[in-house]
Amino acid sequence: MQEEEKRKLIRAALEARERAYIPYSGYAVGAAVLMESGKMYTGCNIENASYGATNCAERTAIFKAVSEGERKCAAIAIAGGRAGSVLTDYAHPCGICRQVMREFGEKDMPVLVAKSEDDYREYTLDGLLPCGFGGENLV
Ligand code: THU
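Asker: Please provide a residue-by-residue account of the overall build of the chain, values included.
Answerer: A count of helices and strands for the chain gives 4 helices and 5 strands. Against the 2.2 N^0.38 benchmark of 14 Å for 139 residues, the chain shows a C-alpha radius of gyration of 14 Å, consistent with a compact globule. C-alpha extents for the chain along the principal axes are approximately 45 × 40 × 30 Å. The burial tally for the chain puts 46% of its 139 residues in the buried class. Residue pairs at least 24 apart in sequence account for 61% of intrachain contacts in the chain once pairs closer than 6 positions are excluded. Accessible surface computed for the chain: about 7,400 Å², of which carbon and sulfur atoms make up 51%. Counting 17 positive and 20 negative side-chain charges, the chain places the centres of these two groups 3 Å from one another.

Here is the structure:
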C-alpha cells in the first residue's frame with residue numbers, strides 16, 4: 001500500500017470520527033475501510049441507551065460496504081479517543097471488530113491505528129487476531 005493511500009484512508013477515518021454518536025461514553029471513533037474494488041466506506045461508533053446495542057466504528061464501515069454488495073476488505077484505518085480534536089491514544093480495535101474483519105479480510109490485511117496522518121501504527125489482521133476462527137473452519 002502506498003503511503004498516500006494510507007494517509008487518505010486515515011484522513012477519512014478522522015473525518016468520520018467527527019460524526020460519532022457518543023452521548024454516553026464521550027469516546028469518538030472513526031473508521032475507513034478500503035475494499036478490493038477500490039471503493040472506500042467510512043463509519044463511526046453509534047451508541048445506544050441500551051449500551052449493548054452500540055455499534056463500533058469499524059463494524060459500521062464494514063457493514064456499510066457489505067450491504068452495498070462489497071465482500072473483500074483490502075485495508076482499514078481507525079482513529080479514536082475522547083471527544084475533541086487531539087488524539088492522545090491509539091484506539092486498537094475491539095475483539096468483535098477484529099472477528100468481523102476476519103470474515104471479510106485476508107490475514108495480511110493492513111490495519112492502521114492512527115492518531116493522525118503522520119502518527120499511526122500498522123498491523124496485519126493476523127497479527128491482531130492470531131489463530132482466528134473463519135469460515136474455512138466450518139467445512
Ligand atoms: N468503540 C469502537 O467504535 N471501536 C472499537 O473497536 C472499540 C470501541 C466504541 C464503542 C463505544 O461507543 C465507545 O467506543 C466506548 O467503548
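Asker: A description of unusual backbone geometry should follow, citing residues and the corresponding values.
Answerer: Phi is positive for cysteine 131, close to 55 degrees, though the residue is something other than glycine. Mapped onto the elements of the fold, cysteine 131 is located in the segment after helix H4 (125–128).

Asker: Please set out helix H3 (residues 95–104) residue by residue, giving values where relevant.
Answerer: Listing the buried residues of H3 in full gives Cys97, Arg98, Val100, Met101, Arg102 and Phe104. Where the residues of H3 are buried, they touch helix H2 (57–67), strand S3 (73–82), strand S4 (110–116) and H4.

Asker: Account for the pairing of strand S5 (residues 119–124), with residues named and values stated.
Answerer: The pairing of S4 with S5 spans 6 bridges and is antiparallel. Looking at the pairing, proline 110 lines up with threonine 124 of S5. Taking the residues between adjacent antiparallel strands as the criterion, S4 and S5 are bridged by 2 residues.

Criteria and cut-off values
Residues numbered from 1 in each chain as written. Predicted model: local features only at pLDDT ≥ 70, side-chain atom pairs only at ≥ 80, totals over all residues. Heavy atoms only, no water. Helix = DSSP H or I, 4+ residues; strand = E, 2+ residues; numbered from the N terminus. Rg over C-alpha atoms; globule rule 2.2 N^0.38 Å. Buried < 20%, exposed > 50% of the residue type's maximum accessible area, 1.4 Å probe, protein only. Contact = heavy atoms within 4.5 Å. Areas by Shrake-Rupley, 256 points an atom, 1.4 Å probe, with all protein chains shown as cover. Lys, Arg positive; Asp, Glu negative; His and termini not counted. Charge placed at Lys NZ, Arg CZ, Asp CG, Glu CD. Pairing = 2+ DSSP bridges.

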